[in-house]
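Chain residues, written in single-letter form:
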Amino acid sequence: MAQAKRLKSGRWRIYREPDKIVRDPSSGAIANFRTLTEASRWWSQVNPREPSLQEAHKCARCGAYFGANTPWTMYAGRPYHLAHVPK
Ligand SMILES: [Zn+2]
(Lines give C-alpha, C1' and ligand atoms only; values in the text may rest on other atoms or scores of the structure.)
Protein backbone atom coordinates (compact mmCIF):
# COMPACT_ATOMS: atom_id res chain seq x y z
CA MET A 1 0.00 0.00 0.00
CA ALA A 2 1.22 3.51 -0.79
CA GLN A 3 0.58 6.81 0.93
CA ALA A 4 1.12 10.44 -0.05
CA LYS A 5 2.90 12.97 2.16
CA ARG A 6 3.01 16.74 1.78
CA LEU A 7 6.48 18.25 2.17
CA LYS A 8 7.25 21.59 3.82
CA SER A 9 7.72 22.97 0.29
CA GLY A 10 4.09 22.13 -0.44
CA ARG A 11 4.93 19.37 -2.95
CA TRP A 12 3.52 15.89 -2.54
CA ARG A 13 5.57 12.68 -2.63
CA ILE A 14 4.48 9.05 -2.59
CA TYR A 15 5.83 6.43 -0.20
CA ARG A 16 5.36 2.70 -0.20
CA GLU A 17 4.97 1.33 3.29
CA PRO A 18 6.86 1.53 5.48
CA ASP A 19 9.02 4.41 4.17
CA LYS A 20 10.25 3.71 0.64
CA ILE A 21 9.97 6.69 -1.69
CA VAL A 22 8.30 6.11 -5.07
CA ARG A 23 10.13 7.05 -8.28
CA ASP A 24 8.80 7.64 -11.75
CA PRO A 25 9.45 4.32 -13.56
CA SER A 26 10.18 6.05 -16.88
CA SER A 27 12.66 8.71 -15.68
CA GLY A 28 13.87 7.24 -12.38
CA ALA A 29 13.30 10.63 -10.72
CA ILE A 30 11.53 10.90 -7.39
CA ALA A 31 7.89 11.49 -8.23
CA ASN A 32 6.49 14.74 -6.83
CA PHE A 33 3.28 16.62 -7.42
CA ARG A 34 1.62 19.97 -6.83
CA THR A 35 -1.55 18.48 -5.37
CA LEU A 36 -2.78 15.28 -3.79
CA THR A 37 -5.29 14.94 -6.64
CA GLU A 38 -2.48 15.05 -9.20
CA ALA A 39 -0.46 12.48 -7.20
CA SER A 40 -3.48 10.22 -6.90
CA ARG A 41 -4.23 10.37 -10.64
CA TRP A 42 -0.60 9.55 -11.54
CA TRP A 43 -0.55 6.67 -9.04
CA SER A 44 -3.71 5.12 -10.52
CA GLN A 45 -2.27 5.30 -14.04
CA VAL A 46 1.10 3.79 -13.09
CA ASN A 47 -0.35 1.19 -10.68
CA PRO A 48 -3.88 0.49 -11.92
CA ARG A 49 -4.23 -2.69 -9.85
CA GLU A 50 -3.28 -1.13 -6.53
CA PRO A 51 -5.63 0.63 -4.11
CA SER A 52 -6.05 4.35 -4.69
CA LEU A 53 -3.58 6.71 -3.08
CA GLN A 54 -4.45 8.26 0.29
CA GLU A 55 -2.69 10.86 2.39
CA ALA A 56 -0.57 9.29 5.16
CA HIS A 57 -1.95 9.52 8.68
CA LYS A 58 -0.75 12.55 10.59
CA CYS A 59 -1.27 13.81 14.10
CA ALA A 60 -4.44 15.87 14.47
CA ARG A 61 -2.71 18.08 17.06
CA CYS A 62 0.82 18.79 15.76
CA GLY A 63 0.29 17.93 12.08
CA ALA A 64 3.38 15.67 11.79
CA TYR A 65 3.20 12.45 9.80
CA PHE A 66 3.87 9.29 11.76
CA GLY A 67 7.16 7.49 11.02
CA ALA A 68 7.21 3.74 10.45
CA ASN A 69 8.01 3.10 14.13
CA THR A 70 6.04 5.95 15.71
CA PRO A 71 3.31 4.73 18.05
CA TRP A 72 0.03 6.53 17.51
CA THR A 73 -3.63 6.05 18.33
CA MET A 74 -7.11 7.02 17.18
CA TYR A 75 -9.16 9.30 19.41
CA ALA A 76 -12.68 10.43 18.46
CA GLY A 77 -11.97 9.26 14.91
CA ARG A 78 -8.73 11.21 14.46
CA PRO A 79 -5.09 10.02 14.69
CA TYR A 80 -2.76 11.37 17.41
CA HIS A 81 0.72 10.83 18.82
CA LEU A 82 0.26 9.10 22.18
CA ALA A 83 1.47 12.25 23.98
CA HIS A 84 -0.87 14.48 21.95
CA VAL A 85 -4.20 12.77 22.66
CA PRO A 86 -6.61 15.36 24.14
CA LYS A 87 -6.96 14.93 27.90
ZN1 LIG B 1 1.48 15.05 17.47
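(A) Quick peek at the nonpolar core. Residues Ala4, Trp12, Ile14, Val22, Ala39, Trp43 and Leu53 constitute the largest nonpolar core, which totals seven residues. For this core, the secondary structure elements donating two or more residues are strand S2 (12-16) and helix H1 (36-46).

(B) Geometry of the domain arrangement of the protein chain. Its domain assignment divides the protein chain into domain 1 (1-56) and domain 2 (57-87). Taking the mean C-alpha position of each, domain 1 and domain 2 sit 22 Å from one another. Facing four residues of domain 1, the contacting portion of domain 2 comprises four residues. The residue makeup of the side of domain 1 that touches domain 2, split by class, is two nonpolar, no polar and two charged.

(C) Spotlight on the pairing of strand S1 (residues 2-6). Both S1 and S2 contribute to a ladder of five bridges, which runs antiparallel. Note that in S2 the partner of lysine 5 across the bridge is arginine 13. Taken together, S1 and the strand that follows it, S2, pair antiparallel across an intervening segment of five residues, in which glycine 10 is found at a positive phi of about 100°. Relative to strand S5 (residues 54-55), S1 runs parallel, the two being bridged by two bridges.

(D) Structural detail: the environment of asparagine 32. For asparagine 32, the location among the structural elements is in strand S4 (residues 32-33). Taking the C-alpha atoms as reference points, asparagine 32 and tryptophan 42, separated by 10 residues in sequence, lie 10.0 Å from one another. Apart from the residues within four sequence positions on either side, asparagine 32 is in contact with Arg11, Trp12 and Arg13.

Reading guide: rules and limits
- Residues numbered from 1 in each chain as written.
- Predicted model: local features only at pLDDT ≥ 70, side-chain atom pairs only at ≥ 80, totals over all residues.
- Core = buried A, V, L, I, M, F, W, Y, C linked by C-beta atoms within 7 Å.
- Buried ≥ 20, exposed ≤ 12 C-beta atoms within 10 Å, placed from the backbone.
- Helix = DSSP H or I, 4+ residues; strand = E, 2+ residues; numbered from the N terminus.
- Domains from an automatic or database assignment.
- Contact = placed C-beta atoms within 7 Å.
- Nonpolar A, V, L, I, M, F, W, Y, C, P; charged D, E, K, R; others polar.
- Pairing = 2+ DSSP bridges.

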